[in-house]
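Understanding the architecture of this molecule
So the chains spell out like this:
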Amino acid sequence: MNILFIAAECAPYAKTGGLADVVGALPRYLRAMGHQAIVVMPRYASINGDRYGLRWFHGPMGVWMGDTQEWCAVHAAANDGVPVYFIESQKYFDRWGLYHDADFNDYQDNPRRFGFLTRAGLQLCKDIGFRPDVVHAHDWHTALAPAYLKIWHWNDPLLGGAASLLTIHNIAYQGRYPAHHMDYLGLQWGNFTPDKFEDHGAINFLKGGIVYADMVNTVSPNYARETRTPELGYGMAPYLNDKGENYIGILNGCDYTQWDPQDDRMIPARYSRDDLSGKAICKRALQSRMNLTASPDTPVIGIVSRLVEQKGLHLLAQCIEGIVANMRVQFAILGSGEKALEHFFGELPARHPGRVGSYIGYSDELAHWIEAGADFFLMPSLFEPCGLNQMYALRYGTLPIVRATGGLDDTVQQYDEATGDGTGFKFYEPSAHAIYYTVGWAVSTYYDRPQHMQRMIRAAMAQDFSWERSAGQYVRAYERAIQNKRSG
Ligand code: ADP
Ligand code: GLC
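Quick summary incoming for the structure in this document.

When their charged atoms lie close together, side chains carrying opposite charge are able to pair. All chains considered together, the criterion is met by 18 salt bridges. When the shortest N-O distance is used, the salt bridge between Asp255 and Arg28 registers 2.6 Å. Of this pair, Asp255 sits in the loop between strand S12 (247-249) and helix H9 (277-289) while Arg28 sits in helix H1 (residues 18-32), and the two are 227 residues apart along the sequence. Under the relative-accessibility criterion, Asp255 is labelled buried at 8%. Since its relative accessible area comes to 14%, Arg28 is described here as buried. Linking Arg455 and Asp421 is a salt bridge whose minimum nitrogen-to-oxygen distance equals 2.4 Å. Remark: Asp421 occurs in the loop between helix H14 (406-411) and strand S18 (425-427) and Arg455 occurs in helix H16 (residues 450-462); sequence separation between them is 34 residues. Judged by its relative accessible area of 34%, Asp421 is partly exposed. Among the ionic contacts, a cluster of salt bridges with common partners joins Arg28, Asp80 and Asp255.

Here we take up helix H15 (residues 432-448). Helix length check: H15 (17 residues) gives 24 Å between terminal C-alpha atoms against 24 Å at 1.5 Å per residue, within 8%. Among the residues of H15, Ala432, Ala434, Ile435, Thr438, Val439, Ala442, Val443, Thr445 and Tyr446 are the ones counted as buried. Each buried residue of H15 sits inside an arc of 160° when the element is viewed along its axis, so together they form one side. More than 90 degrees from the buried face of H15, the exposed residues found are His433, Tyr437 and Asp448.

Per the counting criterion, the structure on display carries 28 aromatic pairs. Ring centres of Phe57 and Tyr85 lie 4.8 Å apart, and the angle between their planes is 45°; on these two criteria the pair is classed as tilted. With Phe57 in strand S3 (residues 55-65) and Tyr85 in strand S5 (residues 82-88), this pair connects stretches of sequence that are 28 residues apart. When its relative accessible area of 29% is taken as the criterion, Phe57 is described as partly exposed. Between Phe425 and Trp441 the ring centres are 5.2 Å apart and the planes differ by 80°, which places this aromatic pair in the edge-to-face class. Taken as a pair, Phe425 in strand S18 and Trp441 in helix H15 lie far apart in primary sequence, 16 residues in all. Judged by relative accessible area, which is 0%, Phe425 ranks as buried. Here Arg95 stacks its cationic end above the ring of Tyr107, 4.7 Å away from the centre of that ring. Its end group placed over the ring of Trp369, Arg289 keeps NZ or CZ at 4.5 Å from the ring centre.

Here we take up the packing of helix H10 (residues 313-326) against helix H11 (residues 339-351). Pairs of packed helices are described in terms of their axes, by the angle between the two and the distance that separates them. The geometry of H10 relative to H11 is characterised by a closest axis approach of 11 Å and an angle of 20° between their N-to-C directions. With respect to H11, the axis of H10 lies roughly parallel. For the pair H10 and H11, the crossing hand works out as left-handed. On the side of H10, the interface is formed by Leu313, His314, Leu316, Ala317, Ile320 and Glu321, while H11 contributes Leu341, Phe344, Phe345, Leu348 and Arg351. Residues that form the contact of H10 with H11 fall into these classes: eight nonpolar, one polar and two charged.

How each quantity is defined
- Residues numbered from 1 in each chain as written.
- Chains lettered and ligands numbered in written order.
- Predicted model: local features only at pLDDT ≥ 70, side-chain atom pairs only at ≥ 80, totals over all residues.
- Heavy atoms only, no water.
- Salt bridge = Lys/Arg side-chain N within 4 Å of Asp/Glu carboxyl O.
- Helix = DSSP H or I, 4+ residues; strand = E, 2+ residues; numbered from the N terminus.
- Buried < 20%, exposed > 50% of the residue type's maximum accessible area, 1.4 Å probe, protein only.
- Expected span 1.5 Å × (residues − 1).
- Arc of directions from axis to C-beta.
- Phe/Tyr/Trp six-rings, centres within 6.5 Å; stacked < 30°, edge-to-face > 60°.
- Lys NZ or Arg CZ within 6 Å of the ring centre and 35° of its normal.
- Axes fitted to C-alpha atoms, helices over the stretch in contact; angles between N-to-C directions.
- Parallel < 35°, antiparallel > 145°, perpendicular 65-115°, else oblique.
- Left-handed = near helix turned anticlockwise from the far one by under 90°.
- Contact = heavy atoms within 4.5 Å.
- Nonpolar A, V, L, I, M, F, W, Y, C, P; charged D, E, K, R; others polar.

Structural data, given as structure tokens:
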């Protein structure tokens, strides 16, 4: 099959979260299975062209937006054999941020930027003669691709046969914008109806994508169930339920070529299930790097996260000082995002020297260090479509403490105090109390039942969330999308 990915993020070039990890990995695994996948993404100013070997590929390329043509150039690089095409537009992408400026204010022209990206991705296929069997769109940013295929390209020799799959990585972000963008986006006012793009007077990109796509999926089976309910569907539940069996959950894979302590070149020492001595070295190094008291026997709780409401860290903010006051633990925190949370977690180390270390910013290397050096990994998310960090943590023998929601519930097995079975610690209530008590449970397990800890660490490291399995499920989803298109 030929598959066109269009996405706002792709690791290693541009990343704010797990979306980039998925778009960076899945096409490589599809390729290994004999499919031809290509990726189209923006050329943001933050992408270092020299480092990644970007070269000029095509252009100027004209892209129709409304009734005007806008121009861009296309650069190319190879991600482990997968062709990645970068849409260069000074007007839309020559900025450092992906979605917002340094103060976390969304760029005002985001609907135009990502509408343009989406149409440019389709145009590129025509210009270079790539005939996709499936166009794979990701999140609201490129959710218009299925609609464009049906509104504009149904009769096109290259694109007319393409089916579409929309993957929802996060339903809380839908791309809702004022109706006047309909013209520029070329969506035709006849489609501005409640069963298509219209949502309380605005355009809703994600909703349009759900309605038009031949197949829709999200990134874990549990989140697929949750989003079909009013509580977690963020208004999309009726449209997802309308899709019936054409809305499914496929658990993200974990890219063990990047995240495995056996051959992770970023961490201070390598280790495996059979020999954990390297993990102790990683812990010592992490404590030193984050100005924590050197203490091999004090449990370290790691956090690597976008600092946004979804991740439940405002609840942690309410109880972390109580935890530090009453339990013998340390925290190693890495994150960036909302200013209030950045301030709070940024200033904690000064109030609790040696006990709490934090780094406000983005650091891939420190993320690896925390996965390796911590004893526990905390994710108190309010909702979590899949979550990759807990899967990484499992492989690094760092036991997840998670709220049982979305993919966290699918991937972490609850500790059983009677037997020592399980791979982590789960709680249900979204509250500071529940975080406090579950951290206490983990910490007491660390001190009082070390044999259970050892057993769980080994069970955790044996978990296998390889991409091969998920990629196979995506191939079946593509096949169903193609069937749906033929029969629909
Ligand atoms: P989400 O996509 O909602 O942020 P995931 O758990 O799926 O959550 O993916 C998060 C990814 O982003 C992981 O690869 C994690 O290591 C990375 N990440 C998040 N914040 C940071 C940060 N401040 N520095 C480095 N990596 C980060
Ligand atoms: C989103 C979700 C996260 C998921 C990631 C990749 O950012 O918040 O849970 O793992 O996408 O699918």
